[in-house]
Amino acid sequence: MSGNMESEVGISSNSQLRVAMIIEKSRVNGPGWRTVVWVQGCTLACDGCWNQHMWPHSGGELWDVEELSKKLLSIDDVEGVTFSGGDPLQQPRALKPLLKLLRDGGRTIFLYTGYEEVELNQRQKECLELCDIAVVGRYLENQRSLDLKWRGSENQRIIFPTGKYSEEDIGEDIQEYEVHIGEDGGYTITGFPDLDEVRNMLGHPREDDSDIMNI
Ligand code: SF4
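This text gives an overview of the structure that appears in the document. Model, not experiment: these values are computed from the prediction.

Criteria and thresholds
Residues numbered from 1 in each chain as written. Predicted model: local features only at pLDDT ≥ 70, side-chain atom pairs only at ≥ 80, totals over all residues. Helix = DSSP H or I, 4+ residues; strand = E, 2+ residues; numbered from the N terminus. Contact = placed C-beta atoms within 7 Å. Pairing = 2+ DSSP bridges. Axes fitted to C-alpha atoms, helices over the stretch in contact; angles between N-to-C directions. Left-handed = near helix turned anticlockwise from the far one by under 90°. Nonpolar A, V, L, I, M, F, W, Y, C, P; charged D, E, K, R; others polar. Expected span 1.5 Å × (residues − 1). Buried ≥ 20, exposed ≤ 12 C-beta atoms within 10 Å, placed from the backbone. Arc of directions from axis to C-beta. Core = buried A, V, L, I, M, F, W, Y, C linked by C-beta atoms within 7 Å. Parallel < 35°, antiparallel > 145°, perpendicular 65-115°, else oblique.

### Points about the overall build of the protein chain
Secondary structure summary: the protein chain contains 5 helices and 10 strands in total. Of the contacts formed within the protein chain by residues at least 6 apart in sequence, a portion of 66% connects residues at least 24 apart.

Following this line, the structure appears as C-alpha coordinates:
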(Lines give C-alpha, C1' and ligand atoms only; values in the text may rest on other atoms or scores of the structure.)
Protein backbone atom coordinates (compact mmCIF):
# COMPACT_ATOMS: atom_id res chain seq x y z
CA MET A 1 0.00 0.00 0.00
CA SER A 2 1.42 3.37 -0.96
CA GLY A 3 1.84 5.84 1.83
CA ASN A 4 0.83 8.71 -0.39
CA MET A 5 -2.92 8.44 0.07
CA GLU A 6 -3.73 12.12 -0.25
CA SER A 7 -3.91 12.14 -4.02
CA GLU A 8 -5.71 8.81 -4.12
CA VAL A 9 -8.54 9.90 -1.87
CA GLY A 10 -8.63 13.52 -3.03
CA ILE A 11 -8.10 15.17 0.33
CA SER A 12 -6.70 18.64 -0.13
CA SER A 13 -8.21 20.93 2.50
CA ASN A 14 -5.84 22.27 5.11
CA SER A 15 -8.57 24.11 6.95
CA GLN A 16 -11.26 21.47 7.34
CA LEU A 17 -11.22 18.05 8.95
CA ARG A 18 -13.92 15.50 8.21
CA VAL A 19 -15.08 14.13 11.55
CA ALA A 20 -17.33 11.14 12.23
CA MET A 21 -17.91 11.69 15.93
CA ILE A 22 -16.52 13.09 19.16
CA ILE A 23 -16.73 11.77 22.71
CA GLU A 24 -15.80 14.49 25.17
CA LYS A 25 -14.37 12.27 27.91
CA SER A 26 -13.09 8.72 27.82
CA ARG A 27 -10.70 6.72 30.01
CA VAL A 28 -9.96 3.84 27.63
CA ASN A 29 -8.38 5.61 24.65
CA GLY A 30 -4.97 6.46 26.05
CA PRO A 31 -3.60 7.77 29.37
CA GLY A 32 -5.89 9.77 31.64
CA TRP A 33 -9.17 11.38 30.67
CA ARG A 34 -9.16 12.12 26.97
CA THR A 35 -11.42 13.63 24.35
CA VAL A 36 -11.73 11.24 21.41
CA VAL A 37 -12.17 12.39 17.82
CA TRP A 38 -13.06 9.77 15.24
CA VAL A 39 -12.20 11.13 11.82
CA GLN A 40 -14.25 10.10 8.82
CA GLY A 41 -12.57 8.27 5.96
CA CYS A 42 -10.22 5.31 5.56
CA THR A 43 -9.19 3.41 2.45
CA LEU A 44 -7.10 0.75 4.18
CA ALA A 45 -10.04 -1.68 4.45
CA CYS A 46 -8.71 -3.96 7.19
CA ASP A 47 -10.56 -7.24 7.32
CA GLY A 48 -12.72 -7.23 10.45
CA CYS A 49 -12.55 -3.44 10.93
CA TRP A 50 -15.13 -2.39 13.54
CA ASN A 51 -15.59 1.07 12.07
CA GLN A 52 -16.55 0.39 8.48
CA HIS A 53 -19.19 3.12 8.67
CA MET A 54 -16.20 5.49 8.94
CA TRP A 55 -14.59 4.34 5.69
CA PRO A 56 -16.29 6.73 3.20
CA HIS A 57 -14.52 10.04 2.77
CA SER A 58 -17.88 11.59 1.95
CA GLY A 59 -19.64 11.10 5.30
CA GLY A 60 -19.30 12.71 8.69
CA GLU A 61 -19.17 16.43 9.25
CA LEU A 62 -16.61 18.95 7.99
CA TRP A 63 -15.11 20.97 10.84
CA ASP A 64 -13.10 24.13 10.42
CA VAL A 65 -9.76 23.38 12.12
CA GLU A 66 -9.76 26.50 14.29
CA GLU A 67 -13.35 25.98 15.38
CA LEU A 68 -12.63 22.36 16.19
CA SER A 69 -9.54 23.26 18.21
CA LYS A 70 -11.56 25.80 20.21
CA LYS A 71 -14.24 23.21 20.93
CA LEU A 72 -11.69 20.59 21.99
CA LEU A 73 -9.72 23.02 24.15
CA SER A 74 -12.91 24.15 25.89
CA ILE A 75 -13.43 20.69 27.40
CA ASP A 76 -12.16 20.82 30.98
CA ASP A 77 -10.24 18.24 32.98
CA VAL A 78 -8.81 16.19 30.15
CA GLU A 79 -5.19 15.25 29.66
CA GLY A 80 -5.32 15.15 25.92
CA VAL A 81 -7.02 14.31 22.67
CA THR A 82 -7.05 10.93 20.94
CA PHE A 83 -7.58 10.67 17.19
CA SER A 84 -9.08 7.49 15.82
CA GLY A 85 -11.24 6.75 12.85
CA GLY A 86 -11.23 6.24 9.98
CA ASP A 87 -7.57 7.00 9.55
CA PRO A 88 -6.46 10.43 10.80
CA LEU A 89 -3.33 10.31 8.61
CA GLN A 90 -5.48 10.34 5.48
CA GLN A 91 -6.29 13.99 6.28
CA PRO A 92 -2.79 15.27 7.13
CA ARG A 93 -3.22 18.77 5.70
CA ALA A 94 -5.94 19.59 8.20
CA LEU A 95 -4.61 17.35 10.95
CA LYS A 96 -1.19 18.97 11.25
CA PRO A 97 -2.39 22.51 12.11
CA LEU A 98 -5.02 21.03 14.43
CA LEU A 99 -2.39 19.02 16.32
CA LYS A 100 -0.25 22.13 16.67
CA LEU A 101 -3.14 24.16 18.09
CA LEU A 102 -4.00 21.41 20.56
CA ARG A 103 -0.38 21.03 21.67
CA ASP A 104 -0.12 24.80 22.10
CA GLY A 105 -3.22 24.55 24.28
CA GLY A 106 -1.52 22.01 26.54
CA ARG A 107 -3.18 18.82 25.30
CA THR A 108 -1.23 15.62 24.71
CA ILE A 109 -1.90 13.76 21.48
CA PHE A 110 -2.64 10.06 20.98
CA LEU A 111 -3.29 8.84 17.46
CA TYR A 112 -4.38 5.58 15.87
CA THR A 113 -3.29 4.83 12.33
CA GLY A 114 -3.47 1.73 10.19
CA TYR A 115 -0.23 2.72 8.44
CA GLU A 116 3.21 1.45 9.28
CA GLU A 117 5.78 4.23 9.60
CA VAL A 118 7.59 3.16 6.41
CA GLU A 119 4.42 3.79 4.38
CA LEU A 120 4.04 7.43 5.37
CA ASN A 121 4.64 10.38 3.07
CA GLN A 122 6.37 13.53 4.37
CA ARG A 123 3.20 15.30 5.47
CA GLN A 124 1.95 12.23 7.31
CA LYS A 125 5.34 11.84 9.03
CA GLU A 126 5.13 15.44 10.20
CA CYS A 127 1.77 14.68 11.82
CA LEU A 128 3.12 11.58 13.52
CA GLU A 129 6.05 13.58 14.91
CA LEU A 130 3.54 15.81 16.72
CA CYS A 131 1.99 12.82 18.51
CA ASP A 132 2.96 11.81 22.04
CA ILE A 133 1.69 8.28 21.58
CA ALA A 134 0.60 6.46 18.43
CA VAL A 135 -0.68 2.99 17.69
CA VAL A 136 0.54 1.99 14.23
CA GLY A 137 -0.30 -0.85 11.88
CA ARG A 138 -3.33 -2.49 10.31
CA TYR A 139 -5.92 -4.25 12.41
CA LEU A 140 -5.47 -7.94 11.64
CA GLU A 141 -8.47 -10.04 12.62
CA ASN A 142 -6.37 -13.21 12.77
CA GLN A 143 -4.13 -11.54 15.35
CA ARG A 144 -6.96 -10.15 17.46
CA SER A 145 -6.37 -10.36 21.19
CA LEU A 146 -8.52 -9.37 24.15
CA ASP A 147 -5.44 -9.04 26.37
CA LEU A 148 -4.01 -5.90 24.79
CA LYS A 149 -4.28 -2.36 26.09
CA TRP A 150 -5.21 0.39 23.60
CA ARG A 151 -5.02 -1.90 20.56
CA GLY A 152 -6.91 -4.72 18.96
CA SER A 153 -4.39 -7.00 17.28
CA GLU A 154 -0.98 -8.35 18.28
CA ASN A 155 0.85 -6.83 15.29
CA GLN A 156 -0.09 -3.24 16.20
CA ARG A 157 2.71 -1.32 17.92
CA ILE A 158 2.64 1.54 20.41
CA ILE A 159 5.25 4.23 19.72
CA PHE A 160 6.21 7.43 21.57
CA PRO A 161 7.30 10.01 18.96
CA THR A 162 7.81 13.01 21.28
CA GLY A 163 9.25 11.10 24.25
CA LYS A 164 6.72 12.64 26.64
CA TYR A 165 5.38 9.20 27.52
CA SER A 166 7.07 5.80 27.59
CA GLU A 167 6.31 2.10 27.90
CA GLU A 168 5.84 2.65 31.65
CA ASP A 169 2.76 4.76 30.95
CA ILE A 170 1.01 1.87 29.24
CA GLY A 171 0.67 -0.03 32.51
CA GLU A 172 -0.86 -3.47 32.52
CA ASP A 173 -1.94 -5.05 29.25
CA ILE A 174 -5.60 -5.49 30.09
CA GLN A 175 -8.80 -5.30 28.09
CA GLU A 176 -10.65 -2.03 28.66
CA TYR A 177 -13.84 -0.63 27.21
CA GLU A 178 -16.62 1.82 28.01
CA VAL A 179 -20.31 1.81 27.24
CA HIS A 180 -21.78 5.27 26.61
CA ILE A 181 -25.59 5.38 26.68
CA GLY A 182 -27.10 8.02 24.42
CA GLU A 183 -30.23 10.12 24.98
CA ASP A 184 -31.97 7.97 22.38
CA GLY A 185 -31.17 4.80 24.38
CA GLY A 186 -28.55 3.59 21.86
CA TYR A 187 -25.21 2.28 23.09
CA THR A 188 -21.81 3.42 21.95
CA ILE A 189 -19.02 1.10 22.97
CA THR A 190 -15.46 2.34 22.81
CA GLY A 191 -12.29 0.46 23.62
CA PHE A 192 -11.54 -3.17 22.89
CA PRO A 193 -14.41 -5.30 24.19
CA ASP A 194 -15.40 -8.90 23.91
CA LEU A 195 -18.71 -8.14 22.22
CA ASP A 196 -20.38 -11.30 23.52
CA GLU A 197 -19.53 -10.23 27.07
CA VAL A 198 -21.00 -6.78 26.37
CA ARG A 199 -24.20 -8.26 24.91
CA ASN A 200 -24.61 -10.45 28.01
CA MET A 201 -24.00 -7.49 30.31
CA LEU A 202 -26.62 -5.41 28.50
CA GLY A 203 -29.02 -8.35 28.14
CA HIS A 204 -28.87 -7.70 24.44
CA PRO A 205 -29.91 -10.23 21.77
CA ARG A 206 -27.03 -11.30 19.54
CA GLU A 207 -29.17 -11.07 16.38
CA ASP A 208 -29.83 -7.32 16.65
CA ASP A 209 -26.88 -5.00 17.20
CA SER A 210 -28.54 -2.11 15.38
CA ASP A 211 -28.62 0.09 18.49
CA ILE A 212 -25.03 -0.76 19.45
CA MET A 213 -22.24 1.20 17.86
CA ASN A 214 -18.79 -0.21 18.53
CA ILE A 215 -16.00 2.28 17.92
S1 SF4 B 1 -7.05 1.46 9.49
FE2 SF4 B 1 -8.55 1.43 11.16
S3 SF4 B 1 -10.40 2.40 10.29
FE4 SF4 B 1 -9.06 1.87 8.57
S5 SF4 B 1 -9.81 -0.14 7.93
FE6 SF4 B 1 -8.10 -0.50 9.35
S7 SF4 B 1 -9.08 -0.75 11.36
FE8 SF4 B 1 -10.58 0.20 9.99
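### As for the sheet that holds strand 3 (residues 61–64)
Each strand in a sheet pairs with its neighbour through backbone hydrogen bonds, running either in the same direction (parallel) or in the opposite one (antiparallel). With mixed pairing, 7 strands are arranged side by side in an open sheet as 3-1-2-4-5-6-7. In the strand order of this sheet, the two ends are held by strand 3 and strand 7 (157–159), each with one partner. Neighbouring strand axes in the sheet, compared pairwise and without regard to direction, differ in orientation by 30 degrees on average. Where strand 1 (residues 16–26) and strand 2 (residues 34–39) come together, 5 bridges link them in antiparallel fashion. Across the sheet, Val 19 pairs through a bridge with Val 39, a residue of strand 2. The strands touched by helix 3 (residues 92–104) within the sheet are strand 1, strand 4 (80–84) and strand 5 (108–113), with strand 1 carrying the most contacts at an inclination of about 35 degrees.

### A few points about the packing of helix 2 (residues 65–73) against helix 3
As a packed pair, helix 2 and helix 3 sit with axes 10 Å apart at the nearest point and diverge in direction by 35 degrees. Taken as a pair, helix 2 and helix 3 cross one another with a handedness that is right-handed. Packed against helix 2, whose contacting residues are Val 65, Leu 68, Ser 69, Leu 72 and Leu 73, the element helix 3 presents Ala 94, Pro 97, Leu 98, Leu 101 and Leu 102 at the interface. The class makeup of the residues in the contact of helix 2 with helix 3 is 9 nonpolar, 1 polar and no charged.

### As for helix 3
An ideal rise of 1.5 Å per residue puts 18 Å on 13 residues; helix 3 measures up with 18 Å between its terminal C-alpha atoms. Among all positions of helix 3, only Pro 92, Ala 94, Leu 95, Leu 98, Leu 99 and Leu 102 are buried. Down the axis of helix 3, the buried side of the element spans an arc of 145 degrees, and every buried residue falls inside it. Gly 106, located one to two residues past helix 3, shows a positive phi value of around 90 degrees.

### With respect to the pairing of strand 2
Burial runs high along strand 2: 6 of the 6 residues are buried. The two faces of strand 2 match: Arg 34, Val 36 and Trp 38 on one face and Thr 35, Val 37 and Val 39 on the other face are all buried. Pairing analysis gives 5 bridges linking strand 2 to strand 4, with the strands arranged parallel. Bridging from a neighbouring strand, Arg 34 pairs with Gly 80 of strand 4.

### Digging into helix 2
Among the residues of helix 2, those classed as buried are Val 65, Leu 68, Ser 69 and Leu 72. Buried residues of helix 2, seen end-on, are gathered within an arc of 100 degrees and therefore sit on one face of the element. Facing away from the buried side of helix 2 by more than 90 degrees, the exposed set consists of Glu 66, Glu 67 and Lys 70.

### Some thoughts on the nonpolar core
Leu 17 and Leu 98 are the most contacted members of the largest nonpolar core, which has 36 residues in total. Within the residue set of this core, elements represented by two or more residues are strand 1, strand 2, helix 2, strand 4, helix 3, strand 5, helix 4 (122–129) and strand 6 (133–136). Examining the composition of this core, we find that 5 residues originate from one element, helix 3, more than from any other. When neighbours within four sequence positions are excluded, Leu 98 is seen to be in contact with Leu 17, Val 65, Leu 68 and Ser 69.

### Topic: the packing of helix 3 against helix 4
In contact at an axis separation of 9 Å, helix 3 and helix 4 are set at 25 degrees when each is read in the N-to-C sense. One way to sum up the angle between helix 3 and helix 4 is to call them roughly parallel. The way helix 3 lies across helix 4 gives a crossing that is left-handed. In this structure, helix 3 uses Pro 92, Arg 93, Leu 95, Lys 96 and Leu 99 to contact helix 4, whose residues at the interface are Arg 123, Gln 124, Glu 126 and Cys 127. Here the contact of helix 3 with helix 4 is built from residues that sort into 4 nonpolar, 1 polar and 4 charged.

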